[in-house]
Amino acid sequence: MICLLATLWFFLPFPSARAATTAALPTLLCTAYYPFAKRHTNLPQMVLGFSLTWSIMVGSSAVGHATGFPWTDPSTLALLVAAILWVVIFDTIYAHQDVTDDQRVGIGSTAVLLLRLHGSNSSSVTRRLPLWALLGAMTAELAVSGWMASMGAPYYALSVGASAVSVGAMVASVDLDSPENCWLWFSRGFWSTGLAIVVGLLAEYGRRSRGVESMALLQAAWTTVVQGGTDLWCVA
């Protein structure tokens, strides 16, 4: 895979395409490590989160970033952190399906870590407290990302507000002691949260695009009026 990326980097004619290919290298390395992460750490969900969400940087590099490197932009970095926390929350709930087997064979996960921190006899409510903390951090990072990029109301209403409500409903309702219930919330809640974030970003893009088009039309109209007035004055 690395050889393929190196070949693409050499033959791709566009600088943005080369930048995107280069930006993809960290996620390839992280993805290759992920299957082994459970043997070395109780935080494989963090590794998975980085692997899945680094595509934010790849996409930003592909379309061309104002600063040249999207990982130097505070807004993009905040969005990346929020996306990683989102994956950690959902995959922690998913990991509760296999937490008993993971403990027996000695594999690590955030679900195993929560059981060790709170005790095997801890209630589902107690083990949900770290998930609430992660949700608060995720929501804060989304808000910071929007503030840094001067986002408007659509972004805050959908990408921040609606996604927080979606994840909050899942954290409040999921039964971490029931594998079936964990799978139900993981499989359904993931889509609603992702949809809220994407629709909010698209709505913000549409708002800004309309604003740019409106400014272009006003400038064109003003130029026409000024030019027409100048021509009339010259004729007169």
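Structural data are supplied above this passage.
Calculation rules
Residues numbered from 1 in each chain as written. Predicted model: local features only at pLDDT ≥ 70, side-chain atom pairs only at ≥ 80, totals over all residues. Heavy atoms only, no water. Axes fitted to C-alpha atoms, helices over the stretch in contact; angles between N-to-C directions. Helix = DSSP H or I, 4+ residues; strand = E, 2+ residues; numbered from the N terminus. Parallel < 35°, antiparallel > 145°, perpendicular 65-115°, else oblique. Left-handed = near helix turned anticlockwise from the far one by under 90°. Contact = heavy atoms within 4.5 Å. Salt bridge = Lys/Arg side-chain N within 4 Å of Asp/Glu carboxyl O. Buried < 20%, exposed > 50% of the residue type's maximum accessible area, 1.4 Å probe, protein only. Polar contact = N/O pair within 3.5 Å; in protein donor to acceptor, adjacent residues only side chain to side chain. Core = buried A, V, L, I, M, F, W, Y, C linked by side-chain atoms within 4.5 Å. Patch = residues over 30% accessible without salt bridge, like charges linked within 9 Å, V, L, I, M, F, W, Y side chains within 5 Å. Areas by Shrake-Rupley, 256 points an atom, 1.4 Å probe, with all protein chains shown as cover. Phe/Tyr/Trp six-rings, centres within 6.5 Å; stacked < 30°, edge-to-face > 60°.

### Concerning the packing of helix α6 (residues 74-95) against helix α10 (residues 153-173)
- The N-to-C vectors of α6 and α10 enclose an angle of 25°; their axes lie 12 Å apart at closest approach. Between α6 and α10, the angle falls in the class roughly parallel. Taken as a pair, α6 and α10 cross one another with a handedness that is left-handed. Between α6 and α10, the contacting residues are Ile-89, Phe-90 and Ile-93 on the first element and Val-167, Met-170 and Val-171 on the second.

### What about the side chain of Asp-102?
- Its place among the elements puts Asp-102 in helix α7 (residues 99-105).
- Apart from the residues lying within four places of it in its own chain, the contact partners of Asp-102 are Ala-95, Ile-107, Ser-109 and Val-112.

### Quick word on the pattern of salt bridges
- Tallied over the entire structure, the rule returns two salt bridges.
- Between Asp-177 and Arg-127 there is a salt bridge whose closest N-O contact spans 2.5 Å. Highlighted residues: Asp-177 in the loop between α10 and α11 (179-235) and Arg-127 in helix α9 (residues 124-148), separated in sequence by 50 residues.
- Using a relative accessible area of 2% as the deciding quantity, one classes Arg-127 as buried.

### Re helix α8 (residues 110-118)
- Listed in full, the buried residues belonging to α8 are Thr-110, Ala-111, Val-112, Leu-114 and Leu-115.
- With a side-chain oxygen lying 3.3 Å from the backbone nitrogen of Ala-111, the N-terminal cap of α8 falls on Ser-109.

### Considerations on the nonpolar core
- Formed by 21 residues in total, the largest nonpolar core has its most connected members in Ile-89, Ile-93, Met-138, Leu-142, Val-167 and Met-170.
- Of all elements in the fold, only α6, α9, α10 and α11 reach the threshold of two or more residues within this core.
- At seven residues, the largest contribution of residues to this core is made by α6.
- Leave out the neighbours within four places in its chain, and Met-138 touches Ala-82, Leu-85, Trp-86, Ile-89, Ser-163, Val-167, Thr-193 and Ile-197.

### Remarks on a nonpolar patch on the surface
- A surface patch of nonpolar side chains, amounting to about 330 Å² of accessible area, comprises Val-144, Trp-147 and Met-148.
- Within the secondary structure, Met-148 sits in helix α9.
- Residue classification places Met-148 among the partly exposed positions, given a relative accessible area of 43%.

### What about the packing of aromatic side chains?
- Summed over all chains, the structure comprises six aromatic pairs.
- Look at Trp-86 and Phe-90: their rings are 6.2 Å apart centre to centre, the planes differ by 85°, and that puts the pair in the edge-to-face class. With Trp-86 and Phe-90 both in helix α6 and four residues apart, the pair spans about one turn of that helix.
- Residue classification places Trp-86 among the buried residues on the basis of a relative accessible area of 13%.
- Taken together through their ring pairs, the aromatic side chains of Tyr-94, Trp-183 and Phe-186 make up a single cluster.

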